[in-house]
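Listed here are the chains, written in short residue letters.
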Amino acid sequence: MTEHRRYADLAAMAIDFTLDPIDAEDLRRHLETCTACRRVSDAMRADAAALRSIDFGPAPVIVRDHVAAVALKGGVTGSPRLLLLFATGLLLLLAIFAGSAAVGAFLSQQKSGPDLSEIPIHWQTEVVELAATDLWIEANGQRFSPVGLPVSVVSDPRTAESLTLAATWQQGGREMRLNLYFDADKSSWWVHAIEAYDGTVKPNWAATKGEYFKTPLNRPWAGNVNLPLDAGGQGVTLHVSNMQLIARPRANLARPDGGLQGGPVKPINPRNGNVFARGGELHCSGIFQMSPADAHQALLRLGYNVSWRWVKDGISNIQTTPPGGVIYDAAIGMSGELVVFAAPKDAIPPIPQSTSPTARPLRPPRNQPLSRWRPKPARSTEATLGLS
Amino acid sequence: MATTRTSVGLRAGSSADASYVLDAYDAHQRDLYGFVRALVREPELAEDIVADTFVRLLGEYRAGPPPIEVRAWLFRVAANLVVNSARRRAIAGRYLHRLVRGGHEEPADARILRSERSEEFIDAMADLPADHRTALLLAAHGFSGREIALAIDRSEIAVRTLMSRARVRLRERLEPKEVER
């Protein structure tokens, strides 16, 4: 071990522990004179800070559902996925005790609705929630109802605006399925297709298409459903009593980890995913010339979910409020949020090069090289964006 | 290391059980999930381990008395579960992981954000021994040397050396030529 290696070890130890006074003094003196070791020491402290900032966001809802199901039922263990059927069957009980904010907010909209303990159907995914006092499919003179049975409920958020709710249960030796297909625009969500198994041993789909349950975004549809499904002449009907249904297009996915809440994410320029490119919604918007605080307000007004990153000394940290400094870059996050990078005015880091045009970080809409770019003084948000 | 129990054979659930474990879940899940995700890297496995950890907390509560330091207990048990799962999955997981990565085209947005420093750290840490990773992440979540020692079943003196070595190794992986040997 070289002398420098010994000091690296001491510097590393000093991050988490109090050194022996002699070692501490020895390290201090060495770092005063050895640039290389001082850089390593600083870098290791920066590493420790970066590790503290790693955040994957909350655990998925399925984990909580599983824990709640076990707590309420007892005697069960295993993987959440293996027990998904079981857990979803116990969501009714979960609704009683979990008291989650989402369920509470959803159900609180029923001013005189049924008591929580009386709700036999409560299906919840990350993007769709359905509660009802009864649900059954009438097919071939028989009644198929998932009430009281284990139900597998999944959603497929296929795009920002199009998602599904698929429920599957076993009844009388037959598999039953109910699928709802949702669409959304900037103001509303609705169901555009419903399909269900027809209750036969070798099931066929019974389906209907149309515009059902159209409701403003962030509000549930409420009512009774008696809907005939086309099954090639067979009589198949979907019945739902006191249904409350809500779709949250990208609502869950668009919530940035550690970031800030904004409105629903708007569709990104479908051609190249770059909202700042020509044709993109924020092309020539002036966002890059604003202060982070002004840009934040402007982007929220435009309906974006915004997640801030403060980049200093090569380290990007998630910020819960708009940082200081200047905006130097932006990107669309994996959850559809707009990730905006800010840095100290005198230390704008280089933009990483990418290999794919679609993977390119979003640059300021200007022709000059970024290395020469410096932000102009912040302008009025309203003037720049033409907002009233 | 505290003894953990499986939940097999637990008595029937009650609202008090649910309230206790869900309160703990709501208070600690985000931290714990981040800790486990950084250790195992696979979201599905992390979810299983987090769920299993809270199920074991439920077992402790029912067996009584419940842990006094719930947060430390959760991290300790989760770390243990990570190590156990890693042992079981060591070979199969390695190859499965490669297959999944090879057949999956990462979205463009994901590629952009992968350039963020946190991903770089997760990648760099993947090469460290499990106890090094665990100790670094426990320290990042604010645990003391004594608590880390308890979690990874080492003496406090050993943890001092281990932590120092882990930080130097991490730096070497981030900047291979920076730390002079």
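Please read all numbers here as calculations on a predicted model, not as lab measurements.

Undergrad: Whenever I open this one, the overall build of chain A confuses me. Can you help?
TA: In terms of regular secondary structure, chain A is built from nine helices and 15 strands. Here chain A holds 388 residues, and the buried ones make up 40% of them.

Undergrad: Please explain the overall build of chain B as it appears in this structure.
TA: For chain B, the count of helices and strands is eight helices and zero strands. Tracing chain B from N to C terminus, the helices and strands come up as α-α-α-α-α-α-α-α. A total of 181 residues make up chain B; the buried ones form 46% of that total. In chain B, the share of contacts with a sequence separation of at least 24, taken over all contacts with a separation of at least 6, comes to 70%.

Undergrad: I keep staring at the pairing of strand β6 (residues 163-171) of chain A and nothing clicks. Help me out?
TA: If a strand is regular, its side chains alternate between the two faces of the sheet. Residue and element names in this part refer to chain A. Bridge analysis of strand β5 (residues 152-154) against β6 gives three bridges, and the strand direction is antiparallel. Note that in β6 the partner of V154 across the bridge is A166. Relative to strand β7 (residues 174-184), β6 runs antiparallel, the two sharing nine bridges. Of the residues in β7, the one forming a bridge with A166 is N179. In sequence, β6 turns back onto β7 through a hairpin of two residues, with G172 there showing a positive phi of about 55°.

Undergrad: Explain helix α1 (residues 3-16) of chain A to me, please; I cannot follow it from the model alone.
TA: Because the α-helix completes a turn every 3.6 residues, residues three or four places apart line up on one side. The complete set of buried residues in α1(A) reads A:Y7, A:A8, A:L10, A:A11, A:A12, A:M13, A:A14 and A:D16. Buried residues in α1(A) make contact with α2 (21-33) and α3 (35-53) of chain A together with α6 (130-140), α7 (145-152) and α8 (156-174) of chain B.

Undergrad: Honestly, the pairing of strand β12 (residues 306-312) of chain A in this entry has me stumped. Any pointers?
TA: All names here are of chain A. Burial analysis of β12 places five of its seven residues in the buried class, which makes it a mostly covered element. In this sheet, strand β15 (residues 338-343) lies alongside β12 in parallel orientation, the contact comprising five bridges. By the bridge assignment for β15, R309 is matched with F341.

Undergrad: Sorry, what's going on with the packing of α7(B) against α8(B) here?
TA: Two quantities define a packed helix pair, namely the angle between the axes and the distance from one axis to the other. Residues and elements named next belong to chain B. Packing of α7 against α8 brings their axes to within 9 Å, and their N-to-C directions diverge by 95°. Comparing their axes, α8 and α7 come out roughly perpendicular. The residues of α8 that touch α7, namely those facing G145, R146, I148 and A149, are E156, V159 and R160.

Undergrad: Would you take a moment to explain the nonpolar core for this structure?
TA: Generally speaking, nonpolar side chains in soluble globular proteins are found buried as a group. Counting residues in each nonpolar core, the largest one holds 74 residues, and the members touching the most others are A:V67, B:V36, B:V50 and B:A78. When residues in this core are grouped by element, the largest group, twelve residues, is from helix α1 (residues 15-40) of chain B. Apart from the residues lying within four places of it in its own chain, the contact partners of B:V50 are A:A59, A:V63, B:Q29, B:L32, B:Y33, B:V36 and B:A78. One finds A:L135, A:Y197, A:M243 and A:L245 within the second-largest nonpolar core, a separate group that totals 39 residues.

Undergrad: Looking at this structure, I do not really get the confidence of the model for chain B. What am I missing?
TA: Detail in the predicted coordinates should be disregarded across regions flagged by low pLDDT. Residue and element names in this part refer to chain B. With 70% of its residues at a pLDDT of 70 or more, chain B shows a mean pLDDT of 73. Here helix α4 (residues 108-114) stands out as the element of chain B with the lowest mean pLDDT, 44, in contrast to α8, whose mean of 90 is the highest. Predicted confidence for residues 1-13 stays below pLDDT 50, and this span has 36 contacts to residues more than four positions away or in other chains. In this model, residues 90-115 is a region of pLDDT below 50 whose contacts with residues beyond four sequence positions or in other chains number 22 contacts. At the level of chain-chain contacts, confidence expressed as ipTM amounts to 0.71, with global pTM at 0.41.

Undergrad: Would you mind going over the packing of α6(B) against α8(B) with me for this structure?
TA: Residues and elements named next belong to chain B. α8 packs onto α6 with a crossing angle of 95° between their chain directions and a minimal axis gap of 9 Å. Accordingly, the angle class assigned to the pair α6 and α8 is roughly perpendicular. Across the interface between the two elements, D131, H132, A135, L136 and A139 of α6 pack against V159, L162, M163, A166, R169 and L170 of α8. For the contact of α6 with α8, the per-class residue count stands at eight nonpolar, one polar and two charged.

Undergrad: I would appreciate a short explanation of unusual backbone geometry in the present structure.
TA: Where the residue is not glycine, phi is negative for most of them; where a peptide bond is considered, it is trans in most cases. Of note in this structure, A:F213 is not a glycine but carries a positive phi near 60°. As for its placement among the helices and strands, A:F213 is situated in strand β9 (residues 205-216). You can call A:F213 buried: it has 21 C-beta atoms within 10 Å. In the Ramachandran plot, B:D153 falls in the positive-phi region, its phi being about 60° despite a non-glycine side chain.

Undergrad: Would you mind showing me how to read the confidence of the model for chain A here?
TA: All names here are of chain A. Averaged over all residues, the pLDDT of chain A is 69; the fraction at 70 or higher stands at 64%. Mean pLDDT across the secondary structure elements of chain A bottoms out at helix α9 (residues 381-385), with 27, and peaks at α2, with 91. Throughout residues 75-79 the model reports pLDDT below 50, and contacts reaching past four residues in sequence, or to other chains, amount to 14 contacts. Across residues 85-118, confidence stays below pLDDT 50; counting only partners more than four residues off in sequence or on other chains, it has 60 contacts.

Undergrad: Would you mind going over the environment of B:H141 with me for this structure?
TA: Residues and elements named next belong to chain B. Its place among the elements puts H141 in the loop between α6 and α7. Placed 110 residues apart in sequence, H141 and D31 show a C-alpha to C-alpha distance of 7.6 Å. The residues contacting H141, other than those within four sequence positions of it, are D31, F35 and F75.

Undergrad: What's the story with α3(A) in this structure? I'm lost.
TA: End to end, α3(A) covers 27 Å across 19 residues, agreeing with the expected 27 Å (1.5 Å per residue, within 8%). Within the span of α3(A), buried status applies to A:C37, A:V40, A:S41, A:A43, A:M44, A:D47, A:A50 and A:L51.

Undergrad: Can you walk me through the environment of A:A222 in this structure?
TA: Residues and elements named next belong to chain A. Within the secondary structure layout, A222 lies in strand β10 (residues 221-231). Between the alpha carbons of A222 and L245 there is a distance of 6.6 Å; along the sequence they are 23 residues apart. Discounting residues that sit within four places of it in the chain, A222 has contacts with M243 and Q244.

The rules behind the values
Residues numbered from 1 in each chain as written. Chains lettered and ligands numbered in written order. Predicted model: local features only at pLDDT ≥ 70, side-chain atom pairs only at ≥ 80, totals over all residues. Helix = DSSP H or I, 4+ residues; strand = E, 2+ residues; numbered from the N terminus. Buried ≥ 20, exposed ≤ 12 C-beta atoms within 10 Å, placed from the backbone. Contact = placed C-beta atoms within 7 Å. Pairing = 2+ DSSP bridges. Axes fitted to C-alpha atoms, helices over the stretch in contact; angles between N-to-C directions. Parallel < 35°, antiparallel > 145°, perpendicular 65-115°, else oblique. Core = buried A, V, L, I, M, F, W, Y, C linked by C-beta atoms within 7 Å. pLDDT = per-residue confidence, 0-100. Nonpolar A, V, L, I, M, F, W, Y, C, P; charged D, E, K, R; others polar. Expected span 1.5 Å × (residues − 1).

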